[in-house]
Amino acid sequence: MDERAQQQAIESLRVGSADEAATAVGRLLSVTEAAYERRAQLEQALQSRVAIEQAKGVLAERYGLEFDAAFDVIRRTARSNRIKLHDLVGKIKPGEPTPEELTVQLRGLVKRQRS
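Bear in mind that the values here come from a model prediction, so they are computed numbers and not experimental data.

Quick word on the overall build of the protein
Then, number 1: The number of helices and strands found in the protein is five helices and zero strands.
Then, number 2: Taken from the N to the C terminus, the helices and strands of the protein come in the order α-α-α-α-α.
Then, number 3: When the 115 residues of the protein are sorted by exposure, 27% land in the buried category.
Then, number 4: Long-range pairs, those at least 24 residues apart, make up 45% of the contacts in the protein between residues at least 6 apart in sequence.
Then, number 5: Of the roughly 8300 Å² of accessible surface on the protein, a fraction of 52% belongs to carbon and sulfur atoms.

In structure tokens:
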């Protein structure tokens, strides 16, 4: 529901019968629940984006890659190994070895750059 629906629900609380008020409260609860769900989705998207940016930074620093190239390697590795991007990104951590799947992909990248 949008802001207009929320305003209508509030208005019906002021001037309506008990049944209309109950309906309005139900609508308000629906609006609130939808807002909480949307907030949770946005929070998850933000956390995922932060993890991706950190992983890109780790690979860029380790291998002298541009950020776009680092993301391309991560994306291609996830696809070719049928791994969720989020799961692969979770394996890329500072101070820990590069995941084997990425090492293979990076070797291929270095070979193409030398050719």
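Still more to cover.
A few points about the nonpolar core
Side chains of a nonpolar character, in soluble globular proteins, are inclined to be buried together.
Then, number 1: L59, I74, L88, I92 and L102 are the most contacted members of the largest nonpolar core, which has 16 residues in total.
Then, number 2: For this core, the elements supplying multiple residues, two or more each, are α2 (18–63), α3 (67–80), α4 (85–91) and α5 (100–114).

A word on α2
Then, number 1: Over its 46 residues, α2 extends 67 Å from the first C-alpha to the last, a length consistent with the 68 Å expected when each residue adds 1.5 Å.
Then, number 2: If you check which residues of α2 are buried, you get A21, A24, L28, V31, S48, I52, A55, K56, V58, L59 and A60.

Description of the packing of α2 against α3
Then, number 1: Orientation of α2 relative to α3, taken along the N-to-C sense of each, is 105 degrees, at an axis distance of 8 Å. Taken as axis vectors, α2 and α3 run roughly perpendicular relative to one another. The residues of α3 that touch α2, namely those facing I52, A55, K56, G57, L59 and A60, are F67, A70, F71 and I74.

With respect to the side chain of E101
Then, number 1: By secondary structure assignment, the location of E101 is in helix α5.
Then, number 2: Here the side chain of E101 touches K91 through a polar contact of 3.0 Å, side chain to side chain.
Then, number 3: Excluding anything up to four places from it in sequence, E101 contacts T77, N81, I83, L88 and K91.

Some points on the pattern of salt bridges
Then, number 1: Applying the stated criterion to the full structure yields six salt bridges.
Then, number 2: Of the charged contacts, one joins R76 and D72 as a salt bridge, the two residues approaching to 3.0 Å between their closest N and O atoms. Here R76 pairs with D72, and both are found in helix α3, just four residues apart, close to one helical turn.
Then, number 3: For D72, a relative accessible area of 25% corresponds to the partly exposed category.
Then, number 4: Salt-bridge contacts for K91 lead to E101; the nearest nitrogen and oxygen are separated by 3.0 Å.

Regarding unusual backbone geometry
Then, number 1: Located in the positive-phi region is R82, a residue other than glycine, with phi close to 50 degrees.
Then, number 2: With a relative accessible area of 82%, R82 lands in the exposed category.

Some words on α3
Then, number 1: Over its 14 residues, α3 runs 20 Å from end to end, which matches the ideal 20 Å to within 8%, given 1.5 Å per residue.
Then, number 2: Along α3, the residues that are buried comprise A70, V73, I74, T77 and A78. Along the long axis of α3, the arc covered by the buried residues comes to 125 degrees, so they all point the same way. With respect to the buried face of α3, the exposed residues turned more than 90 degrees away are D68, R79 and S80.
Then, number 3: R82, located one to two residues past α3, shows a positive phi value of around 50 degrees.

Conventions and cut-offs
Residues numbered from 1 in each chain as written. Predicted model: local features only at pLDDT ≥ 70, side-chain atom pairs only at ≥ 80, totals over all residues. Heavy atoms only, no water. Helix = DSSP H or I, 4+ residues; strand = E, 2+ residues; numbered from the N terminus. Buried < 20%, exposed > 50% of the residue type's maximum accessible area, 1.4 Å probe, protein only. Contact = heavy atoms within 4.5 Å. Areas by Shrake-Rupley, 256 points an atom, 1.4 Å probe, with all protein chains shown as cover. Core = buried A, V, L, I, M, F, W, Y, C linked by side-chain atoms within 4.5 Å. Expected span 1.5 Å × (residues − 1). Axes fitted to C-alpha atoms, helices over the stretch in contact; angles between N-to-C directions. Parallel < 35°, antiparallel > 145°, perpendicular 65-115°, else oblique. Polar contact = N/O pair within 3.5 Å; in protein donor to acceptor, adjacent residues only side chain to side chain. Salt bridge = Lys/Arg side-chain N within 4 Å of Asp/Glu carboxyl O. Arc of directions from axis to C-beta.

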